[in-house]
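Examination of the molecular architecture
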Amino acid sequence: MSESRTVELRWNAILNDFRRSGLTQPEFCRRRDISLSSFRYQFYKPRSSKPSTSDNSSSAGAQNHFLPVTILPDPTPSTIASQSQLELVLSSGRRVAVAPGFDEKTLRRLIAIVEGFPCLD
């Protein structure tokens, strides 16, 4: 096996370990004593899915690669409420959540519309 193929296999193993680790890139590299810049170079470098036998690979296959994606959960009502948000309960039972820094005039107009009163500016 060629030296470049051995290095490629080693980096593939390291990158797979990172993906399973749940660590940030800097923390993973610190624990493994790996240069962060070398790690990122290898991490974001496009990789072919199979070894190419010639340099005439199709341009579509050479351009496709995947990057990691982290999906964060939607904020729960308790998370939103903990951000100093105000909640207004109208006489009809409707609720209006107001974030800090809201526009008072716009809120008054919204309440008038929801309650069915004429808007008095």
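Residues numbered from 1 in each chain as written. Predicted model: local features only at pLDDT ≥ 70, side-chain atom pairs only at ≥ 80, totals over all residues. Heavy atoms only, no water.

Moving on, we get to the packing of aromatic side chains. Here the structure, examined in full by the defined rule, presents six aromatic pairs. Ring geometry for phenylalanine 18 and phenylalanine 39: centres 5.1 Å apart, planes at 75°, overall edge-to-face. In this pair, phenylalanine 18 is assigned in helix H1 (residues 3-21) and phenylalanine 39 in helix H3 (residues 36-44), connecting sequence segments 21 residues apart. Here phenylalanine 18 matches phenylalanine 39 in class, with each residue buried. Ring geometry for phenylalanine 43 versus tyrosine 44: centroids 4.9 Å apart, planes at 85°, classification edge-to-face. Taking relative accessible area as the criterion, phenylalanine 43 reaches 6% and is therefore assigned buried. Residue classification places tyrosine 44 among the partly exposed positions, given a relative accessible area of 42%. Members of the aromatic cluster, joined through ring pairs, are Phe18, Phe28, Phe39, Phe43 and Tyr44. One residue, arginine 10, lies across the ring of tryptophan 11, its end atom 5.9 Å from the ring centre. (Phe/Tyr/Trp six-rings, centres within 6.5 Å; stacked < 30°, edge-to-face > 60°. Helix = DSSP H or I, 4+ residues; strand = E, 2+ residues; numbered from the N terminus. Buried < 20%, exposed > 50% of the residue type's maximum accessible area, 1.4 Å probe, protein only. Lys NZ or Arg CZ within 6 Å of the ring centre and 35° of its normal.)

From the geometry alone we can't say anything about function, so treat these as descriptive.
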